Structure formats: structure tokens, C-alpha cells
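# Breakdown of the fold
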Amino acid sequence: MTADVTFSPVRLGVNIDHVATIRNARGGGHPDPLRAAHAAIRAGADGITAHLREDRRHISDNDIERLKNEISLPLNLEMAATEEMLAIALRHRPEACCLVPEKREELTTEGGLDVAGGHNHLKPYIVALKEAGIQVSLFIDPDDGQVAASWLAEASVVELHTGSYCEAVLRGSQEDAEREYQRLRHTANLAAHSGLTVHAGHGLDYETAVAVAAIPVVQELNIGHFLVGEALFEGLEGVIKRMRSAVEKARKTCGEELKTS
């Protein structure tokens, strides 16, 4: 059996960063990211993701402390590979840390880590986090070389950057979207064959999340901006429930097709 025909349920991680973005737009404590996390739990999320940026543009140190102490789901801390962030991670001990590239001038994370070029920098952070019992994920573009480098760096998980695929879908470019989707599928299978756990995220909406959930080796989707945006019209719990149902249906259909093929 190849990795491409392995079937398991897909986890849904809800990123609450942009609840904090709205809060920080005018200061104060509303809306509260912790309240959003509790709503996600009620709606069936499997984990909570929060990115503590160096400039603290959305999630704050206090948010991380409250999330770790007060929610019942695993916390996935997205962070840059810096001494400051490592110290915070080791202090709070989230269940998982996803190392991401970070530029002060970017609006959002624009691409994956260059693990191949940054091995010597990244490896000590990976080692320190793993020694603390924290699962380490590397956010990478769907690229064979980055998968190989992630394996050599002894990460446990790779999270594939789905942004290029999602942008192609939004542009209505079927040819580009299909090319990017097949690239994701190929890289996901390569990573799984290498012994890495495969997650995916960035820019996913109902349509693209369903498509990525249909890649059998992808074990977790992390989605945030779309859910928070749609919550303005449907309410956060309703949006998460709808997303949860959509990806579960896609995965179930995928599994049934595999069993009969």
C-alpha cells in the first residue's frame, strides 16, 4: 500500500489570529481571542492555532498564556525561529510549534521556510523544542527539496503552504489551479513516504479546503482568516461547523473511493 491510498480522518485546526487583529484595531479587550477559541471548541475544532509575531500585531503574550492555561484543545503556536520565541515556547509548552518565516513588512506569511538553506539555523530550535516534548512542524512550500531538508532537520511534521493553489482558484485559472493542486498532492505523498506527518494551510476556503482534505495523507488543515471573515455573516460557530462538515464529507468520500478502487 502506498502513502497515496492511506486513509484517516482529517483534523481541523482553527487559527484565531485575526480575532486579535480586530481587537487590536482600536485597543481594549474586544473581541477576545480566548472566547473565539471556546467557540471553536464548541463547534468541533480539533486544535487552536495562534501566531505570536515578533511585532505582536495580533496575538499577544497574554493571549498565549491564557490559551495554554484555559482551553481544553491542543495549542499550536506558530512562531519564528528566534531566541525570544523559543523562550516563550519553552515557558508555556504548547502541544505543538510550527516554525514559520516572518518579515516585518508582510501582511501575512507569504511563503514557506527555506529549510534547505536554513538547516544550521533551524536545527537547534527543532532540537530544543522536541527535547521539551513539543511537536515540531515546519511550514514549507510544496517542494521536494524542502521536504528532504525537513526530514534531515528531524522535524516531526511539515505544513504545506497552500497559498499558491488557493490564489489560482480565486483567479479562476483552472490550469494553474490544477498544476498547483497536483504539486500539493505530490509533495504531500513524498513527505508521508519520508515518515513526516503532513498538515496544510494558508488561504483555504470551503472549496479549496475540501479539495486539500481529499488528499488522503494530509492529516490536518489549519484555517483562520476565511473563518473569521465569514463569521461576520454566519457566526463563528456556524462557519466552523460548516467547514468541519465539508472536510469530513470530502474525507469520507475519498475513503469510500479508495476502498472500492
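Along each chain, numbering runs from 1 in the same order as the chain's sequence is written. Residues qualify for local features only when their pLDDT is at least 70, as the model is predicted, and side-chain atom pairs are given and counted only at 80 or more; totals for whole chains, interfaces and linings, by contrast, use all residues. Excluded from the side-chain calculations are hydrogens and water; all other atoms, namely the structure's heavy atoms, are used.

## Remarks on the overall build of the protein
For clarity, the cut-off: For helices the rule is a DSSP run of H or I covering at least 4 residues; for strands it is a run of E covering at least 2, with both sets numbered from the N terminus onward. Atoms considered for the radius of gyration are the C-alpha atoms alone. The globule rule reads 2.2 Å times the number of residues to the power 0.38. Think of it in three bands: with a 1.4 Å probe and only protein chains considered, a residue is buried below 20% of the maximum accessible area for its type, exposed above 50%, and partly exposed in between. Whether two residues are in contact is decided by their heavy atoms, any of which lying within 4.5 Å being enough. We treat Lys and Arg as the positive residues and Asp and Glu as the negative residues; His and chain ends play no part in the count. The atom standing in for a charge is NZ when the residue is Lys, CZ when it is Arg, CG when it is Asp and CD when it is Glu.
Helix and strand content of the protein: eleven helices and eight strands. Taking 2.2 N^0.38 as the reference for a compact globule, 261 residues should give roughly 18 Å; the C-alpha atoms of the protein span a radius of gyration of 17 Å, in line with that estimate. For the protein, the spread of C-alpha atoms along the three principal axes comes to 55 × 45 × 35 Å. Per-residue burial for the protein yields a buried fraction of 50% across its 261 residues. Counted over contacts in the protein with a minimum sequence separation of 6, partners at least 24 positions apart contribute 69%. One finds the centroid of the 27 positive side-chain charges in the protein at a distance of 5 Å from the centroid of its 39 negative side-chain charges.

## A closer look at the packing of aromatic side chains
Test applied: When the centres of two rings from Phe, Tyr and Trp lie within 6.5 Å, Trp using its six-membered ring, the rings pair. Their planes under 30 degrees apart give stacked, over 60 give edge-to-face, and anything left gives tilted.
Under the definition given, this model contains two aromatic pairs. Both rings, one in Tyr206 and one in Phe226, keep their centres 4.9 Å apart while their planes meet at 85°; by these two values the pair is edge-to-face. Taken as a pair, Tyr206 in helix H9 (residues 206–213) and Phe226 in helix H10 (residues 225–234) lie far apart in primary sequence, 20 residues in all.

## A word on the packing of helix H4 (residues 83–92) against helix H5 (residues 119–131)
Formally: Working convention: axes come from line fits to C-alpha atoms, limited for helices to the stretch in contact. Angles between N-to-C directions cover 0 to 180 degrees. These descriptions rest on fixed angle ranges, namely under 35 degrees for roughly parallel, over 145 for roughly antiparallel, 65 to 115 for roughly perpendicular, and the rest for oblique. Here the nonpolar group is Ala, Val, Leu, Ile, Met, Phe, Trp, Tyr, Cys and Pro; Asp, Glu, Lys and Arg are the charged ones; every other residue, Gly included, is treated as polar.
For the pair H4 and H5, the least separation of the axes is 10 Å and the interaxial angle reads 10°. When the axes of H4 and H5 are compared, the pair comes out roughly parallel. Contact residues: H4 offers Glu83, Leu86, Ala89 and Leu90, while H5 offers Tyr125, Ala128 and Leu129. The residue makeup of the contact of H4 with H5, split by class, is six nonpolar, no polar and one charged.

## Focus: the nonpolar core
Formally: Grouping buried Ala, Val, Leu, Ile, Met, Phe, Trp, Tyr and Cys residues that are joined through side-chain atoms within 4.5 Å yields what is termed a nonpolar core.
Grouped together as the largest cluster of nonpolar side chains are 79 residues, with contacts concentrated most on Ile48, Leu67, Leu99, Leu129, Leu138, Tyr165 and Leu221. Non-local contacts of Leu67, meaning those with residues more than four positions away in its chain, are made with Ile16, Leu34, Ala37, Ile48, Ala50 and Leu75.

## A short note on the sheet that holds strand S1 (residues 11–15)
Quick reminder of the rule: Two strands are said to pair when DSSP picks up at least two bridges between them.
Pairing is parallel in the closed barrel, where eight strands are placed in the order S1-S2-S3-S4-S5-S6-S7-S8. The average angle at which neighbouring strand axes cross in this sheet is 25°, direction not considered. As judged from the four bridges shared by strand S2 (residues 47–51) and strand S3 (residues 75–79), these two strands associate in the parallel manner. Within S3, the position partnered with Thr49 by the bridge is Asn76. Lying over the sheet, H9 contacts strand S7 (197–201) and strand S8 (218–223), oriented at roughly 165° with respect to S8.

## Structural notes on helix H2 (residues 33–42)
The criterion, for reference: Distance and chemistry together define a polar contact, namely a pair of N or O atoms within 3.5 Å, with one atom able to donate a hydrogen and the other to accept it when in protein, and with adjacent residues in sequence counting only for side-chain atoms on both sides.
All of the buried residues in H2 are Pro33, Leu34, Ala36, Ala37, Ala39 and Ala40. At the N-terminal end of H2, a side-chain oxygen is found 3.0 Å from the backbone nitrogen of Leu34, two or three residues along, and the residue is Asp32. In the segment just after H2, Gly44 is the residue with positive phi, at about 105°.

## A short note on the confidence of the model for the protein
Our working definition: Each residue gets a pLDDT score, which is the predictor's confidence in that residue and runs from 0 to 100.
Mean pLDDT over the protein works out to 92, with 92% of the residues at or above the 70 mark. For residues 1–5, every residue scores under 50 in pLDDT, and the model assigns this stretch twelve contacts once sequence neighbours within four places are set aside.

## Considering the layout of surface pockets
The line we're drawing: Grid points spaced at 1 Å and placed over the protein atoms alone form the basis of the search, with a cavity being a set where a 1.4 Å probe fits but cannot get out and a pocket an open set showing protein on both sides within 12 Å along at least five of seven lines. Lining residues have an atom within 4 Å of a point. Grid points are joined across faces, edges and corners, and a volume is the space filled by probe spheres set on the points.
In this structure, the second largest pocket encloses a volume near 340 Å³. Lining the second largest pocket we find 14 residues, and of these Val19, Pro31, Arg35, Ala36 and Leu236 sit closest to its centre. Take the lining of the second largest pocket: its biggest share by element is four residues, from H2. For the lining of the second largest pocket, the per-class residue count stands at nine nonpolar, one polar and four charged.

## As for the side chain of Thr82
Within the element layout of this structure, Thr82 appears in the loop between S3 and H4. Judged by relative accessible area, Thr82 falls into the buried class, the value being 18%. A distance of 3.2 Å separates a polar side-chain atom of Thr82 from the backbone nitrogen of Met85. With near-sequence residues (within four places) excluded, Thr82 lies in contact with Glu54 and Tyr125.

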